[in-house]
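Fold and geometry: a report
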Amino acid sequence: MNAAIIRAGFLTTIQDLGRKCFRQFGVALGGALDQHALRVANLLVVNGELPAGLERTFGGLQARFADARIAAWCGGDFEARVDSTAIPAGHPFLLRAEEKLIIDRPQIGCRAWLAVSGGIDVPIVLGSRSTDLRGNFGGFGGRSLRDGDEIPLGQNSQRAQKLIEKPRQERIGRWKPPHAWSSPARRQPVLRFIRGVDSNRFNSSTLQRITTETFAVSPDSDRMGVRFDAPELKREDDVDLVSEAVMPGGVQVPPAGKPILLLGDCQTIGGYPKIAHVITVDLPIAAQLRAGDQVCFREVSLADAHRIWLDRERDLTQFRQGLEPHFS
């Protein structure tokens, strides 16, 4: 069965959890910029955590499904509806055959992730179904979706079929994850970070500015990274650095002094000094940043970053277990 893309919107791509074993060959991690949101949405539709879904940027998506599906979405403050029924974030809902799903422009944030029971069944390339927009491979022909595309879906599992029967009288499931998981966008975003390996190349006053000043998001931002127009951060030396591995979350400072927060499609190596690294748990907030947003940073220790991540993984395990009674 397929899903018909009536309107693809500004930028809609097929993404899963990315390509984790090919960075040594120069292949970007890619995948959903908020992998946690996609994992949660997939759990809500009885997919496990790995299947591919749709990542939408700035809404405008309209799709119609050939057969009945359970779907769920997480992300920014979007207005979503099936025909005239409003669909809140973080709730599984029934999509009957030939019904139209509409996701309009968000009030806060800029991205959302849609999971559909059965997953999106495009070919696996280098271990992933994710779209690599710069390499032009993976996903749907290596590109963003366009109006009129027909994307293949996997079969509903037996558990999904049972779940499809449950909400026929009640369109929207009542169970949901914590609000911060389903709606990570913030009006006043704060990103926690640990100091980067090159933080010693900046003087104490520059390092202090990271936590005392507000950073303005530049329009020149994309899936590779969030650029900040101000303030500028100047390093103490102008020595060229040897390029080394970089990862999503790293904050690089080019010669112009305008920092760049790397996201999922970032390059695999880089030579700009890394002043900080945003912790993994806060990357969902970073994925929602759009031009003009004002961002604050707060430093934490490496031990705190580990603890925060482990706490979320423990909570996700409990959430997964808590869903079981709804699927039996």
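See the structure shown above.
Residues numbered from 1 in each chain as written. Predicted model: local features only at pLDDT ≥ 70, side-chain atom pairs only at ≥ 80, totals over all residues. Heavy atoms only, no water.

Here we come to the sheet that holds strand 19 (residues 274-278). Overall, mixed pairing links the 7 strands, which are arranged 12-19-16-17-14-13-20 in a closed barrel. Averaged over all adjacent pairs, the angle separating strand axes in this sheet is 40°, with direction ignored. As paired strands, strand 16 (residues 250-252) and strand 19 are joined by 3 bridges and run antiparallel to one another. Bridge pairing in strand 19 links Val-251 to Ala-276. Contacts from helix 4 (residues 204-212) reach strand 12 (190-195), strand 13 (215-217), strand 19 and strand 20 (294-299), with the element oriented near 120° to strand 20. (Pairing = 2+ DSSP bridges. Helix = DSSP H or I, 4+ residues; strand = E, 2+ residues; numbered from the N terminus. Axes fitted to C-alpha atoms, helices over the stretch in contact; angles between N-to-C directions. Contact = heavy atoms within 4.5 Å.)

This part covers the sheet that holds strand 4 (residues 61-65). Taken together, the 6 strands give an open sheet; going across it, the order is 7-6-9-4-1-11, and neighbouring strands pair in antiparallel fashion. In this open sheet, the two strands that pair with only one neighbour each are strand 7 (85-86) and strand 11 (150-152). One ladder, built from 3 bridges, connects strand 6 (residues 80-82) with strand 9 (residues 100-103); its direction is antiparallel. Paired with Val-82 across the bridge in strand 9 is Leu-101.

This part covers the pairing of strand 9. Here is the key point about a regular strand: its side chains alternate between the two faces of the sheet. Where strand 4 and strand 9 come together, 4 bridges link them in antiparallel fashion. The residue of strand 9 that forms the bridge with Arg-64 is Lys-100.

What follows deals with the pattern of salt bridges. Any two side chains of opposite charge can pair, so long as their charged atoms come close to each other. All chains considered together, the criterion is met by 26 salt bridges. Measuring nitrogen to oxygen at the nearest pair gives 3.7 Å for the salt bridge that ties Glu-232 to Lys-234. Relative accessible area serves as the criterion here: at 34%, Glu-232 is assigned to the partly exposed category. Beyond isolated ion pairs, a larger network of salt bridges with shared partners links Asp-304, Arg-307, Asp-311, Arg-314 and Asp-315. (Salt bridge = Lys/Arg side-chain N within 4 Å of Asp/Glu carboxyl O. Buried < 20%, exposed > 50% of the residue type's maximum accessible area, 1.4 Å probe, protein only.)

Sheet topology note: the strand 1 (residues 2-7)/strand 11 ladder contains 3 bridges and is antiparallel. By the bridge assignment for strand 11, Ala-3 is matched with Ile-151. Relative to strand 4, strand 1 runs antiparallel, the two being bridged by 4 bridges. Bridging across to strand 4, Ala-3 finds its partner in Phe-65.

In this structure, the largest pocket encloses a volume near 420 Å³. Lining the largest pocket are 21 residues, with Lys-20, Leu-29, Gln-35, Thr-280 and Leu-283 sitting closest to its centre. Those elements that place two or more of their residues in the lining of the largest pocket are helix 1 (35-44), helix 5 (283-286) and helix 6 (302-327). Of the voids in this model, the second largest pocket is the one considered here, and its volume is about 290 Å³. Lining the second largest pocket are 20 residues, and of these Thr-57, Phe-58, Arg-111, Ser-221 and Asp-222 sit closest to its centre. Within the lining of the second largest pocket, the residues separate by chemical class into 11 nonpolar, 3 polar and 6 charged. (1 Å grid on protein atoms, 1.4 Å probe; cavity = no way out; pocket = protein on both sides within 12 Å on 5 of 7 lines; lining within 4 Å. Points joined across faces, edges and corners; volume = space filled by probe spheres on them. Nonpolar A, V, L, I, M, F, W, Y, C, P; charged D, E, K, R; others polar.)

Note: α-helices contain 3.6 residues per turn, so residues at a spacing of three or four share the same orientation. For helix 2 (residues 158-165), every residue scored as buried is listed here: Ala-160, Leu-163 and Ile-164. Looking straight down helix 2, one finds its buried side chains confined to an arc of 105°; they lie on one side. Looking at helix 2, the residues exposed on the side facing more than 90 degrees away from the buried face are Gln-158 and Lys-162. Against the buried residues of helix 2 lie helix 1, strand 5 (69-75), strand 8 (93-95) and helix 6. (Arc of directions from axis to C-beta.)

Another point: the environment of Arg-187. Note on placement: Arg-187 falls in the loop between helix 3 (179-182) and strand 12. Along the primary structure Arg-187 and Gln-107 are separated by 80 residues, whereas in three dimensions their C-alpha atoms are 9.8 Å apart.

Turning our attention to the packing of aromatic side chains. Per the stated rule, a full pass over the model turns up 8 aromatic pairs. Ring plane angle 75° and centroid distance 6.2 Å describe the contact between Phe-193 and Phe-297, whose orientation is recorded as edge-to-face. You can see Phe-193 sitting in strand 12 and its partner Phe-297 sitting in strand 20, a full 104 residues away along the chain. Each of the two residues, Phe-193 as well as Phe-297, counts as buried. A centroid spacing of 5.1 Å and a plane angle of 80° characterise the contact between Phe-215 and Phe-297, whose relative ring orientation is edge-to-face. With Phe-215 in strand 13 and Phe-297 in strand 20, this pair connects stretches of sequence that are 82 residues apart. Take Phe-215 and Phe-297: they sit in the same class, and that class is buried. Here the aromatic residues Phe-193, Phe-215, Phe-228 and Phe-297 are joined through ring pairs into a cluster of three or more. (Phe/Tyr/Trp six-rings, centres within 6.5 Å; stacked < 30°, edge-to-face > 60°.)

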